[in-house]
Structure formats: structure tokens, C-alpha cells
Amino acid sequence: MGKIIAVVNQKGGVGKTTSAVNLTAALNALGVRVLLCDFDPQANATSGLGVEKRNVSLGAYEMIIDEAAPERCVVKTKFGDVIPSTAALAGATVELIGLENREFRLKNQLERLRGSYDYILIDCPPSLELLTLNALCAADSILIPVQCEYYALEGLSDLMSTLRAIKKRLNPRLEIFGVLLTMYDGRTNFSNQVAQEVRRHFPGKVFASVIPRNVRLAEAPSHGVPVIAYDRSSRGAAAYLAAAEEFNRKGR
């Protein structure tokens, strides 16, 4: 039975979608059965796996609002399977308010796919609203990308408060799968200080693999491919492959 893991941090620009896309591709390269559910209306994870957003007829929006069969919403790519997102998902928050079981629409659909994958990753929007709430109710655990910059821990207390509230009221099994340090610059003392602070806040939860600042990582999305396809010899690709191996060991 596969594990459902939400990739979440309500702070933007922390490498959340980059991590969701590249972990999916790296896990797939390791022979792991993986599905990425793009639950962010910006749909960057969709294009990051090479899916043209304009050609999507069934995706995350249709799956949770119209209750389209989840199997029909999956798009197979050479980097792993994806449930794509489109701009239509932006209106889903308003539409969900009037629907029954509004917090569990995603959970009910992904449960039907759980047996087909080792991992289902959910790329969440950079906010704590009804779409993210659906993802947290669907997930067994969360992966938190944290950038090694000045405001790294800003907003994490809000996320932890939300996590505790959801665990208490809606999803008692929800746990922290891990914390992934991103945008790390080993040349600066500051990155090292932030990494130490994050490890102090999340003892035993921080990945040993750290994602560096890397030009190839930044360039890959504009080519519609993960970094391991864009430049497998780059530091960014090596970091995500190492993180995927660690991820898979944790997941087992």
C-alpha cells in the first residue's frame, strides 16, 4: 500500500515545487512507482514534468469538483505519473465551500490510487487554505522544504499549529515525514547557521541530503524537464538523486 505525502510550506519561494518535481523524477529513476498530484493552481509541477497545461482535459480540478475517476486524470510521463493542474483549480477553493465532505474530496479520490503506487506526492499551494487542507487530510505525512535563508523559520510556527489542529480534528495519523533543506550555499556561514537551527527545531526529521543553490536547477523548468533530464551531472541533480534514495529509505 503506497504512502501519501504532502509537500507543503505556506511560504513561497522555498523550493517546494522544485522538490516535488525532482523527487518524483529521481524516485522514478530509482524504479519506484510514484505519482505526483499537482494541487497548486499555478501548475508549475505539471509543466515541470513536461505536460503541456493547455492540453489537459482531466486533472486535479475535475477530480475533486466533478468527481472524475482518478484513474482517468493520471497522465503518464517518462519522469513519473502526474495528476495535472490547470488554472481552473484556482476557483476550486470557492466551489469547495458548498460541497459535502469538502475537506476530504482529495483523500477520497487518492485512496483509489494508493494501491498502484509506492508514493503519491502532493504539491500544495503556498498558502494554508482549503486546497492545502484537502492535501493534509489526504496525506499520511508531510515533507517540508525549508530554504537556507534569513526568513527560513518564518511561518513554520503557523504550519505546525495547522498541523496540530488537523491532526486533532481531521487526520489523526498525520505526521512529519521529513524536512528538506533547500537553496543551501556551503560557502556562507549563514547557510550553515540556518541548517543548524532547522535541525534543532526538528530533531531527527531533517534529511542528511541538502539541496544546493544551482543554476541547472533554476534552468530546468524552462525546458519542461526535471534537472536529472536537463543535466544529470549537475550538483542539483546529484542532490535530488541522493535525497530520493534517502526518501525511499525513510519511506520503507
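Okay, so let's go over this structure. (Residues numbered from 1 in each chain as written. Predicted model: local features only at pLDDT ≥ 70, side-chain atom pairs only at ≥ 80, totals over all residues. Heavy atoms only, no water.)

### What to know about the nonpolar core
Then, number 1: One finds Ile83, Leu106, Leu110 and Ile122 to be the most contacted residues of the largest nonpolar core, which totals 54 residues.
Then, number 2: Leaving out residues up to four positions away in the same chain, Ile83 has contacts with Leu35, Leu36, Cys37, Asp38, Gly59, Ala60, Met63, Cys73, Val74, Leu110 and Leu113.
Then, number 3: In terms of nonpolar packing, the next biggest core, distinct from the first, is built from 35 residues, Val34, Phe79, Ala220 and Ala244 among them. (Core = buried A, V, L, I, M, F, W, Y, C linked by side-chain atoms within 4.5 Å. Buried < 20%, exposed > 50% of the residue type's maximum accessible area, 1.4 Å probe, protein only. Contact = heavy atoms within 4.5 Å.)

### A closer look at the pairing of strand β2 (residues 34–38)
Then, number 1: By the criterion of burial, β2 is predominantly enclosed, with five of the five residues buried.
Then, number 2: Side chains Val34, Leu36 and Asp38 project from β2 onto one buried face, and the interleaved Leu35 and Cys37 project onto a second face that is buried too.
Then, number 3: As judged from the three bridges shared by β2 and strand β4 (residues 80–83), these two strands associate in the parallel manner. Residue Leu35 lies in a different strand from β4, and its bridge partner there is Asp81. (Helix = DSSP H or I, 4+ residues; strand = E, 2+ residues; numbered from the N terminus. Pairing = 2+ DSSP bridges.)

### Looking at the packing of helix α1 (residues 16–29) against helix α12 (residues 235–251)
Then, number 1: Following both chains from N to C, one finds α1 and α12 inclined at 75°, their axes separated by 9 Å at the closest point. Our classification of the angle between α1 and α12 gives roughly perpendicular. Note on element contacts: α12 touches α1 through Tyr240, Leu241, Ala243, Ala244, Phe247 and Asn248, opposite Thr18, Ser19, Asn22, Leu23, Ala26 and Leu27.
Then, number 2: In terms of residue class, the contact of α1 with α12 is built from eight nonpolar, four polar and no charged. (Axes fitted to C-alpha atoms, helices over the stretch in contact; angles between N-to-C directions. Parallel < 35°, antiparallel > 145°, perpendicular 65-115°, else oblique. Nonpolar A, V, L, I, M, F, W, Y, C, P; charged D, E, K, R; others polar.)

### Here we look at the sheet that holds β4
Then, number 1: Strand order in this open sheet of seven strands is β3-β4-β2-β5-β1-β6-β7, and the pairing throughout is mixed. Pairing within the sheet leaves two strands with one partner each, and these edge strands are β3 (75–77) and β7 (175–182). Neighbour-to-neighbour, the strand axes of the sheet open up by a mean angle of 25°, direction not taken into account.
Then, number 2: Taken together, the seven bridges between strand β6 (residues 141–147) and β7 define a ladder with parallel strand orientation. By the bridge assignment, Leu143 is partnered in β7 with Gly178.
Then, number 3: Against the sheet, helix α8 (residues 156–169) contacts β6 and β7, and its axis sits at roughly 175° relative to β6.
Then, number 4: Each of β1 (3–7), β5 (119–123), β6 and β7 is contacted by α12, which is oriented at about 165° to β7, the strand it contacts most.

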